[in-house]
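Structural overview
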Amino acid sequence: KKHSCAGCPAAPAEAMSLTAVMGQQPPVTRCLAVASALLTLGCALDLLAPSTLLLSWQLVIYEMQIWRLVTCFLFFGPLGLPFVWNLC
């Protein structure tokens, strides 16, 4: 059987593109997924050091590195299949 709706779970896999899937997500989910992907890609390309993303209360309190409060929840480790599973 063929399905005409692209969002239907029984639709063929080729009918669902990344933009279609992301377009169906709420804005907060899209922002979190994009931010997580960008942080992970930045670390994979050695543009960012993973140690700058991890939570350190001493650095947050005494050196005002406020971004650590957010980035520790967005960085899932090295780029790979486990990263994709964490996004889902």
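Everything discussed here concerns the structure shown above.
These remarks concern the structure in this document. (Residues numbered from 1 in each chain as written. Predicted model: local features only at pLDDT ≥ 70, side-chain atom pairs only at ≥ 80, totals over all residues. Heavy atoms only, no water.)

**Comments concerning the overall build of the protein chain**
The number of helices and strands found in the protein chain is five helices and zero strands. The linear arrangement of helices and strands in the protein chain, starting from the amino end, is α-α-α-α-α. Long-range contacts, defined as pairs at least 24 residues apart, comprise 34% of the intrachain contacts of the protein chain with a sequence gap of at least 6. (Helix = DSSP H or I, 4+ residues; strand = E, 2+ residues; numbered from the N terminus. Contact = heavy atoms within 4.5 Å.)

**So, the nonpolar core**
Residues Leu39, Cys43, Leu53, Leu74 and Phe75 constitute the largest nonpolar core, which totals five residues. If sequence neighbours within four positions are ignored, Leu74 has contacts with Leu32, Ala35, Ser36 and Leu39. (Core = buried A, V, L, I, M, F, W, Y, C linked by side-chain atoms within 4.5 Å. Buried < 20%, exposed > 50% of the residue type's maximum accessible area, 1.4 Å probe, protein only.)

**Some points on helix H2 (residues 27-44)**
An α-helix turns once every 3.6 residues. As a result, residues three or four positions apart point the same way. For H2, which comprises 18 residues, the first-to-last C-alpha distance of 25 Å matches the rise-based estimate of 26 Å (1.5 Å per residue) to within 8%. The complete set of buried residues in H2 reads Ala33, Ser36, Leu39, Thr40, Gly42 and Cys43. Just beyond H2, the residue with positive phi is Asp46, at close to 60°. (Expected span 1.5 Å × (residues − 1).)

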